[in-house]
Every structure is written in structure tokens, then in C-alpha cells.
Amino acid sequence: MIGIGTSLLFGRRAGKAGPPIPPFNKAMVDAWFMSGLSNVDKPSSIRGIKGNEMQLKNFVFTSESGFGEGSYEGALVFDGVDDYGICNNLPILDDYTVICRRALENKANNVVASKSVVAGNGAFVFEYGNNATYSFSEYTSGLAVNLKDSVSYQTKNSYNGSTITVGNADDTDTLTLGIIREKDSRIMRGAIYYFALYNKSLTPEEIETEKERLNEEWLKRKTE
């Protein structure tokens, strides 16, 4: 099963079984899908559909730290202790959109995703502390973050349709999932089903279209 979730896109393009990948927005940097994998596989990384490897750190590949079962089926589960994902050599962004299906357990220092490697840089820290977020290192708090299994998004100026403050920090080439940055104690407890990154602020209409396409691809991988 090594090819599932790593070269599935390219296999389909080569004419193998399965319907084609949906035509994602051309602004997509990459997207990582957690369905179609199991703890038997114990992969060291998950390849995005554009080929970027998300390295998996400290997962022990159980239902509490690895690929989920039951309510978290088709997701990568983070234990809130030391699990995280990291992808290097991504583009430096001056604008962005992230779209993520995730579920958060109530933990004060949850972080879903970040492009920060030291304090004060990075395009975003997405869903921080259950009620806040950062855009180019500017903090916006008091947000109505839905911790339940749901699709959430953020653009440079907006969190799920609510206006957020934008700073002027420099971005980095690193993306982490489930942690604010390496060697930090702010770590997510919950699950991520998919995560997609774009290099511009998508319109609300474009975001809704991408949600449908992302869900379609997640479902395809889950059932294969």
C-alpha cells in the first residue's frame, strides 16, 4: 500500500484505475489527504498532490497517534504530546488561503497549522488556542472557532468570513501541521482529514468550489 496517498495522483494520470483528480484551483500550492492510509503502512511522510512531502514526526501509528478509526476514520490523529507534520521548501507567500477539514479536542494550546519557524515570522498560524489566529504575525483573538469536525478556512484577511488583522512579517518555506513550530510545546490534539494551501486569497465562491473538490478527492481515497 505504499503508493496510496503518495503517488496516487500520478498513477491516475498514467491511466491506472480510478476517476481523475478534480481540477483544483490553479493557485493551489499543494494539498495533503489523510484518507486511504492505515497504521499498518506506517509511512514516514505523506506526499501532496503536487509532490511535496509532509514528513510525519513522532507518530506511533495507533488510533490515538496515527491514522484514526471510528469518528476519526480517514484522518491523521495528533495526540497533543509530540506528534506533528512538517514540509520544507514550499514557496514564500505574500498572500494565501488555507482550507482544512479538522476536529479539535478542547486543549488550550491547540495549533492546526503554521508557516512560522521563529516567533514573529510566517504567513499564518492557523487556529491557535481555540479562539485565535495569526496572519503575517498579527494576532486576532475572540474568534468563534468550531472545534467539531468541520471544514475551516483562512485567507490573508479573513477567518471563515470574519475579518482578521494582517501584519507585515516575512514568510518562510516551511509548513507544519499540528504544531506552531518545531521544538515548541503548542501542539494540537485532534485530527486532520485534509489540508490545502493556495498562493492567493480565494474568493468566497472559489473557496466553496474547492471545498467540494477537496471532499470529493478525500472520499475517493478513503474508499479505494
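Residues numbered from 1 in each chain as written. Predicted model: local features only at pLDDT ≥ 70, side-chain atom pairs only at ≥ 80, totals over all residues. Heavy atoms only, no water.

Comments concerning the pattern of salt bridges
Inference 1: Summed over all chains, the structure comprises 13 salt bridges.
Inference 2: Asp 184 is the partner of Arg 186 in a salt bridge, and the nearest nitrogen-oxygen pair spans 2.9 Å.
Inference 3: On the accessibility criterion, Arg 186 (24% relative accessible area) is partly exposed.
Inference 4: In this structure, the salt-bridge partner of Lys 211 is Glu 208, at a minimum N-O distance of 3.1 Å. A residue pair is termed a helical-turn pair when its members lie 3 or 4 positions apart in one helix, as Lys 211 and Glu 208 do in helix α2 (residues 204–223) at three residues.
Inference 5: Through salt bridges with shared partners, one network takes in Arg 181, Asp 184 and Arg 186. (Salt bridge = Lys/Arg side-chain N within 4 Å of Asp/Glu carboxyl O. Buried < 20%, exposed > 50% of the residue type's maximum accessible area, 1.4 Å probe, protein only. Helix = DSSP H or I, 4+ residues; strand = E, 2+ residues; numbered from the N terminus.)

Observations concerning the side chain of Asp 171
Inference 1: Tracing the chain through its elements places Asp 171 in the loop between β14 (162–163) and β15 (175–177).
Inference 2: Within the structure, Asp 171 has its side chain in polar contact with the backbone nitrogen of Leu 93 (distance 2.8 Å).
Inference 3: Side chain to side chain, Asp 171 and Lys 115 meet in a polar contact 2.6 Å long.
Inference 4: Excluding residues that lie within four positions of it along the chain, Asp 171 makes contacts with Pro 91, Ile 92, Leu 93, Lys 115, Gly 122 and Ala 123. (Polar contact = N/O pair within 3.5 Å; in protein donor to acceptor, adjacent residues only side chain to side chain. Contact = heavy atoms within 4.5 Å.)

Purely geometric stuff here, so don't read any function into it on its own.
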